[in-house]
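The primary structure of each chain is shown beneath.
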Amino acid sequence: MNPADSHGAIDLSASPSQAPTKEAPGAGEGLNIPLVLSGTEENFQAIMATSQNLPVIITMYSGRSLESKPTLQVFEGLAREFGGRFQFVSIDIDANPAIAQAFQIEGVPTAVALIGGRPLPLFQGAAQKEQVKPIIEQVLEAASQMGVTGRVALSAEDIAEPIPPEHEAPLAAETAGDLKSAIAQWERVIELNPRDTKAKTHLARVRLLERSANTPVQDPAAKADALFSAGQEEQAYDLLLDIIGGEDEEDVKDAARLRLLDLFRIAGNTPAVLKARTRLSMLVMI
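Residues numbered from 1 in each chain as written. Predicted model: local features only at pLDDT ≥ 70, side-chain atom pairs only at ≥ 80, totals over all residues. Heavy atoms only, no water.

**A short note on the pairing of strand E5 (residues 118-124)**
And step 1. Bridge count for strand E4 (residues 110-115) against E5 is 6 bridges, and the pairing is antiparallel. Bridging from a neighbouring strand, Ile115 pairs with Arg118 of E5.
And step 2. Joining the antiparallel neighbours E4 and E5 is a turn of 2 residues, in which Gly116 adopts a positive phi near 60°. (Pairing = 2+ DSSP bridges. Helix = DSSP H or I, 4+ residues; strand = E, 2+ residues; numbered from the N terminus.)

The structure is reproduced here in structure tokens:
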């Protein structure tokens, strides 16, 4: 690869060594290429060739950069969310210094798009999903104007969301039946990343399992768990809301409130949850 010119764009005019293969007629639309790919100096010409057919978004990263990992996760998630309208490529600059030199990388993570073999600098530094998504939409609009409108033929593996490495240990503890350890580990994951909503949902689910295994059935709040597990969602919420609005001691009410919030998180925004949340808000205001 040639070094960057004075405008920061690399010369990508070299003939690609490998072009993507289109699916056979009748097999569906899209290119038979990975949705998420690790880029190297060896496969970079193939990546360039892909950009002639659909946009490629590249994130240059380093394992030494604490900001790189969450940014990679954001792009991987959005690649799935956009349904194959672009290919996401991650490139380790420590293992591929020639690519870093060609793009004149000054810091990581750095995001760049390739459209029709031409680079489009996006941003440098960490970014949240809310910041990245509009940038991707602009890339796709620019690609559409250039006639680069292909997409990746998605496989089941592409669509499946990967398990974050930090989730593996608590999930393994749950599989082994060690619910107390799983709870402690989920709490640690959330402590380190308070925005991890999936971890919060997992924690609520495991707490429900642990309570169901250890709480006496005579406990009124335990009846709510049993109702919820049996699919009687609204009745479970009403039972706990009655406790919260009743004459019990504050510690009993607090335990019921925590249990109710766990059930809300497990269920998601169902009509029954929205109704129960409204009643809970009214009880808190009283």
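**Focus on the sheet that holds strand E1 (residues 36-39)**
And step 1. Spatially, E1-E3-E2-E4-E5 is the arrangement adopted by the 5 strands of the open sheet, whose pairing is mixed. Each having just a single partner strand, E1 and E5 make up the two edges of the open sheet. Across the sheet, the mean angle from the axis of one strand to that of its neighbour is 25°, orientation sign disregarded.
And step 2. Summarising the sheet, strand E2 (residues 56-61) and strand E3 (residues 87-92) pair through 6 bridges and their orientation is parallel. Bridge assignment links Val56 to a residue of E3, and that residue is Gln87.
And step 3. Packed onto the sheet, helix H4 (residues 129-145) meets E2, E4 and E5 and runs at close to 165° relative to E5. (Axes fitted to C-alpha atoms, helices over the stretch in contact; angles between N-to-C directions. Contact = heavy atoms within 4.5 Å.)

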